[in-house]
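The residues making up each chain are set out below.
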Amino acid sequence: MRRYLQADHKAVAANARQTPGAWILAAIYDARMTGQSVARMVRNGTTAAYRPAESFDAYEAVHDGGSVVWVRYVAGLDVAPMPDTVTVRVPDYGTQPGYECVCIRTVDISSRCRRCGAPRGPIRSHTFVKDGDRLVCDVWENDCGHQDDYRFVLAEARVLAEGNRTQRAKSPKKPLIRGVEGGRYAAAVDLIAELYREKPSLRALRVLPHVEAHGLMEAAQVIRYFVGDSATGPHTSARAAALHLIELDEETRRAAEAEQTEWQDGPIGCGREATHTTGDNQ
Ligand SMILES: [Zn+2]
């Protein structure tokens, strides 16, 4: 039986009305699709708490727990729509040990925190001097408290760019390892794919510290069990671990799709388990 982490939409809407323009975490769901349809229902006022239509803005994003919906009250406010991506200048120190140089890369990343889906930023310029050169990059602090590490930002940008390229090329010849969209382990898969791209012989045990450093503890545990059960033991490759995580997420997605059909017939929040609600952030 799948869990549905439902919000108290009345409370979320009331909270949002009190702080017009501020994004408020409304709900966390297991499946991306569920979050996406809830965000739509908030925007178009299908959900009674958010009427009249278009008085609330909403978006869905990846969350450590699956899929998160953020809402804000916008009636009578002249607010710009939130873009899905932002362009930032990031220092790249390279991956070679002892490599001291730095170059500034201009990359696109999600406008939302990869851990909780809260808006990133605000972004501001930062000037620093390296070996006599004056360099400018961007810095930002996330209000949610999840701070971004430039290495992961670069990895995220590469995955995003690669995904865009793949989508454009639609080349079936070069299957790229990517997390299942909205999958519980998508962030871990994307991270492993990035590490593995740089070093194809990488072993699963070597990526564990990276996965843990990124706060993806559940994925790390799954990998540990997978390596333990695997006939190749400590020699199990990072790629095999990533494929295993993808398999688990695809299994969940298939189950979710089967239930989604049934779920769309009914109103939100009726007859489902209500275990999670939060609306007091920001
Ligand atoms: Zn966050």
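The following refers to the structure shown.

Definitions and limits used
- Position numbers for residues start from 1 in each chain and track the written sequence from start to end.
- Per-residue local features are limited, in this predicted model, to residues with pLDDT of at least 70; the limit for side-chain atom pairs, both in listing and counting, is 80 or more; totals at the level of whole chains, interfaces and linings are taken over all residues.
- For the side-chain quantities, the full set of heavy atoms in the structure was used; hydrogens and water were omitted.
- In short, DSSP must find at least two bridges between two strands for them to pair.
- Runs of H or I in DSSP of at least four residues are treated as helices and runs of E of at least two as strands, each being numbered from the N terminus.
- Angular values range over 0 to 180 degrees, each being the angle between N-to-C directions of two axes fitted as lines to C-alpha atoms, with helices fitted over their stretch in contact.
- Any two residues whose heavy atoms approach within 4.5 Å are treated as being in contact.
- Grouping buried Ala, Val, Leu, Ile, Met, Phe, Trp, Tyr and Cys residues that are joined through side-chain atoms within 4.5 Å yields what is termed a nonpolar core.
- Here's how the labels work: a residue is buried when its accessible area is under 20% of the maximum for its type, exposed when over 50%, partly exposed in between, all with a 1.4 Å probe on protein chains only.
- A helix is expected to span 1.5 Å for every residue after the first.
- Throughout, the arc means the angular range of directions from the helix axis out to the C-beta atoms.

1. Points about the sheet that holds strand β3 (residues 66–73)
- The three strands lie next to each other as β1-β3-β2, forming an open sheet whose pairing is antiparallel. Pairing within the sheet leaves two strands with one partner each, and these edge strands are β1 (24–29) and β2 (56–63). Taken over all neighbouring pairs, the strand axes of this sheet differ in orientation by 25° on average, direction set aside.
- Relative to β3, β2 runs antiparallel, the two sharing eight bridges. Along β3, the bridge assignment pairs His 63 with Gly 66.
- The strands touched by helix α2 (residues 32–43) within the sheet are β1, β2 and β3, with β2 carrying the most contacts at an inclination of about 170°.

2. Describing the nonpolar core
- Residues Ile 192, Val 211, Ile 223 and Leu 245 are the most contacted members of the largest nonpolar core, which totals 25 residues.
- Going through the elements one at a time, α4 (186–198), α5 (204–213), α6 (217–229) and α7 (238–263) are the ones with two or more residues in this core.
- The residues touching Leu 245, leaving out its near neighbours within four places in the chain, are Tyr 185, Ala 188, Val 189, Ile 192, Ala 219, Val 222 and Ile 223.
- Judged by nonpolar contacts, the second largest core, of 19 residues, contains Ala 7, Val 12, Ala 49 and Ala 58.

3. So, α6
- Taking 1.5 Å per residue, 13 residues should reach 18 Å; α6 reaches 18 Å between its end C-alpha atoms and fits that length.
- Those residues of α6 lying buried are Ala 219, Ala 220, Val 222, Ile 223 and Val 227. Buried residues of α6, viewed axially, fall in a sector of 160°; they line one side. Across α6 from its buried face, at more than 90 degrees, point the exposed residues Tyr 225, Gly 228 and Asp 229.

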